[in-house]
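# Observations on the three-dimensional arrangement
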Amino acid sequence: MDRRSWMTFFAAILWLGGSVGVAAERLVVYTVNYPLQYFAQRIAGDHAEVVLPLPPDVDPAFWQPDAATIGGFQRADVILLNGAGYAKWVSRVSLPRRKLVDTSTGFSDSYIDTEGSVTHSHGREGDHSHAGRAFTTWLDFSQAAEQARAVRDALSRIMPAQRDTFASNFLTLERDLLDLDARLKAIVARDPARPLIASHPVYQYLARRYSLNLKSLMWEPDAMPPETEWQVLAELREGHPATWMLWEGDPAPEIDERLQQLGVQSTVFDPRGNRPVAGDFLSVMFNNLANMERVFNQDIDN
Amino acid sequence: MIDSFYIAWRYVAFNKIRTATLIACVTLIAILPLTLELLLTESEQQLLSRAESTPLLLGAKGSALDLVMNGLYFDDEIPELVSMAAVNELEDSGLAMPIPLYVRFNARRFPIVGTTLDYFDFRGLTMAQGRQLALLGEAVIGAEVADRLGIAAGDSLLSSPETVFDLAGVYPLKMPVVGVLKRSYTPDDLAVFVDVKTAWVVQGLVHGHEDLARSEDASVVIDRTDTNVVASARLVEYTEITDENIDSFHFHGEPEQYPLSAVVVVPNDDKSGTILRGRYQESEGLHQLVVPGTVVDGLLANIFRIKNVLDAVIFVVAIATVLALTLVFALSIRLRQREIGTVFRIGGSRLTIARLLIAEIAIIVSASALLCGVVMLAVNQYSGDLVRALFIR
């Protein structure tokens, strides 16, 4: 072996050693939804393996993991929860308490309780309520930034050596989220009184933060609503003459067509609880903003 | 001297009942204090090691001993309860890791310990069989529970009702056993572990039933408005949690108000522990934060005070026994006047007689010492189990 070969050999050994070292120090972070996975991955970079153990076609809010998947959560270094009652399965499984991080605790006093919930009473305890709580907290981008901050704090606590890296990555992410926040505010500010209808009650935090004049139905994009629901829509529009309906995903063509006949156009504001097929959290939210731009520009043109 | 031992041996062998009685008397009088000492030392060691490995224990103000006995040894005596709010408060302090414990119910006479997975890491408990708790309603059992009940991972256990006559009480919960812990030689071997939420299911605070908002059964739904549904007592709550009904399980009220019997508090460091103790000592609140080692020390001091009394009694009995033995020997010498006369006649001296008697006593004492040694070896071998069975559980 000549001198160059020896140097290459030693460099390879050092590189391998370094790689093993980095691999050994990687945190395993489990999350309950995609926004948290995105935030954690942006903040942790290569220092963590961030896992969202979900099949691609399920809503993480209503998913129930099996025992093997729960085992994965149990072995993680940290488990990021969304809070606000998101992912109810968390209350029905055994997870190590010390690893749980509720990322929305910082603004828990401003959670939104949903209307229309039904209480029931029986047994010795008498009345008890199962009032719902809005959980798509990240659609208020300032709250999303708060959640990202909680992720940064949790990671820094576990891996203090990387505190500066996490802080720097967080600042970039925060800038992106606050940019989304400012842009959406500016879009809505053009006509905050504009009536809008949501196909599903998932936009409570979005509506509150950006002062949307929004009322909700309980429709699914892929299921034609029964006639009674169309009647509900007609009654709703009598006092709330909306010409746009927000959907979580593209509505079925026959629904869209019938809505258009009623003078209601459809647009998507994707909450993106699960991983997107293409792009990432930011690109999905940019699409949402572009759609909102269309909603508010059209009326100005009119 | 060997001749004397031979003759003495023949004598004690001939008078079997008398010899056996004497050996039993001497053995018993030696065994009693030695066994007591051994068992007390073992119980002290067991109680202290468990207590000293638990830095702090939080509970409601009241008997610290009840709190420690329930929180550490899963004793039947239930202390005043605290709520989950106490756990959240400790967690918010950032000074310690709180581990909730709810030890109130039983399954086939073994305590159901409701806790979180942190407990297993804290006590270093690992699985011998099966897997760790994952879903609501599951149970992991100690090695001794598995042995005594003859159950393993894959079987199930039924919780016992708190009182037999509480006909309106909650139904027993059928809990699938998903794992068996490795033997730890602690009270954990005798416990049925469940998630603390499962303990609340056993109590009926968390429960599952059919969706009342959708129920059409008039015998179940008494009244229905837009915002409330009132159900009758005919509403059946699920007694087993399955994949099909797990989604229907829900909490009554705020989980923060749910009960616990104790909270194991693991401070981040000594300083954090001291700060916490100071806070709870000064606080006028409803909670106490105790150092289990100190409480168990107090308990042991009382036990040893009792032991001193027992020692005195044994000492008096020992003196009485020695006097009785002396009397037995004195009487036997009088009864054996003819034998002694024969020994004199065939040329034996007073010294020979004394030698014979000393040899007899030596044989009896040696036999007692041997028997005592064997018994003590056996007691020593099983002292751990004996203490757990007699004193701890």
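Residues numbered from 1 in each chain as written. Chains lettered and ligands numbered in written order. Predicted model: local features only at pLDDT ≥ 70, side-chain atom pairs only at ≥ 80, totals over all residues.

### So, the overall build of chain A
Let me state the cut-off plainly: Strands here mean DSSP runs of E at least two residues long; helices mean DSSP runs of H or I at least four residues long; both are numbered from the N terminus. The contact criterion used is a C-beta to C-beta distance within 7 Å, with each C-beta placed from the backbone.
From N to C terminus, chain A includes nine helices and 10 strands. Residue pairs at least 24 apart in sequence account for 57% of intrachain contacts in chain A once pairs closer than 6 positions are excluded.

### Some points on the environment of Ile-158 of chain A
All names here are of chain A. The line we're drawing: For every residue, the other C-beta atoms within 10 Å of its own C-beta are counted; 20 or more classify it as buried, 12 or fewer as exposed, and values in between as partly exposed. C-beta atoms are placed from the backbone.
Tracing the backbone through its elements, the reader meets Ile-158 in helix α4 (residues 141–158). Residue classification places Ile-158 among the partly exposed positions, given that 14 C-beta atoms sit within 10 Å. In sequence terms Ile-158 and Val-78 are 80 residues apart; their C-alpha atoms lie 8.4 Å from each other. Those residues within four positions of Ile-158 in sequence are excluded, and the remaining contacts are Leu-27, Asp-77 and Val-78.

### Topic: the sheet that holds strand β8 (residues 213–216) of chain A
Residues and elements named next belong to chain A. Formally: At least two DSSP bridges between two strands are needed for those strands to be called paired. Angles run from 0 to 180 degrees between N-to-C directions of axes, and those axes are lines fitted to C-alpha atoms, restricted for helices to the stretch in contact.
Pairing in this open sheet of four strands is parallel, and the strands run β8-β7-β9-β10 from one edge to the other. Of all the strands in the sheet, just β8 and β10 (265–268) have a single pairing partner and so form its edges. This sheet shows a mean twist of 30° between the axes of neighbouring strands, independent of strand direction. As paired strands, strand β7 (residues 195–198) and strand β9 (residues 244–247) are joined by two bridges and run parallel to one another. Each bridged residue has a counterpart across the sheet, and for Ala-198 the counterpart in β9 is Leu-246.

### A short note on the packing of helix α2 (residues 34–44) of chain A against helix α5 (residues 163–189) of chain A
Residues and elements named next belong to chain A. Quick reminder of the rule: In what follows, roughly perpendicular refers to angles from 65 to 115 degrees, roughly parallel to angles under 35, roughly antiparallel to angles over 145, and oblique to any angle outside these ranges. Polar here means any residue outside two lists: the nonpolar Ala, Val, Leu, Ile, Met, Phe, Trp, Tyr, Cys and Pro, and the charged Asp, Glu, Lys and Arg; Gly therefore counts as polar.
Where α2 meets α5, the axes come as close as 7 Å, and the angle between the chain directions of the two elements is 130°. With respect to α5, the element α2 is oriented oblique. Within the contact between the two elements, α2 uses Phe-39, Arg-42, Ile-43 and Ala-44 and α5 uses Phe-166, Asn-169, Phe-170 and Leu-173. Of the residues in the contact of α2 with α5, the class split is six nonpolar, one polar and one charged.

### As for the pairing of strand β2 (residues 48–51) of chain A
Residues and elements named next belong to chain A. Selection criterion: Crossovers are marked right-handed if the path from the first strand over the helix to the second runs clockwise, as seen with the strands pointing away from the viewer.
Side-chain alternation along β2 places Ala-48 and Val-50 on a buried face and Glu-49 and Val-51 on a face that remains uncovered. Where strand β1 (residues 27–31) lies against β2, four bridges are found, and the strand directions are parallel. Each bridged residue has a counterpart across the sheet, and for Leu-27 the counterpart in β2 is Ala-48. In this fold, the crossover linking β1 to β2 by way of α2 has right-handed handedness.

### Examining the pairing of strand β8 (residues 174–181) of chain B
All names here are of chain B. With six of eight residues buried, β8 lies mostly within the body of the structure. In the sheet, strand β5 (residues 127–130) pairs with β8 via three bridges, with the strands oriented antiparallel. Bridge pairing in β8 links Met-127 to Leu-181. Pairing of strand β6 (residues 139–141) with β8 involves three bridges; the strand directions are parallel. Looking at β8, one finds that Ile-141 is bridged to Val-180.

### Describing the sheet that holds strand β4 (residues 100–102) of chain A
Sheet strands pair via backbone hydrogen bonds, and the direction of the pair is either parallel or antiparallel. Residues and elements named next belong to chain A. The four strands lie next to each other as β2-β1-β3-β4, forming an open sheet whose pairing is parallel. Of all the strands in the sheet, just β2 and β4 have a single pairing partner and so form its edges. Here the strands of the sheet are splayed against their neighbours by 25° on average, with no regard to which way each runs. Strands in contact with α4 are β1, β2, β3 (78–81) and β4; relative to β3, the strand with the most contacts, it is inclined by about 170°.

### Some words on the domain arrangement of chain A
Residue and element names in this part refer to chain A. The line we're drawing: An automatic or database domain assignment supplies the start and end points of every domain.
Domain annotation of chain A identifies domain 1 (24–112 + 130–181) and domain 2 (190–271). Put simply, the middle of domain 1 and the middle of domain 2, counted by C-alpha atoms, are 29 Å apart. Each residue belonging to the side of domain 1 that touches domain 2 can be placed in one class, and the counts come to three nonpolar, four polar and one charged.

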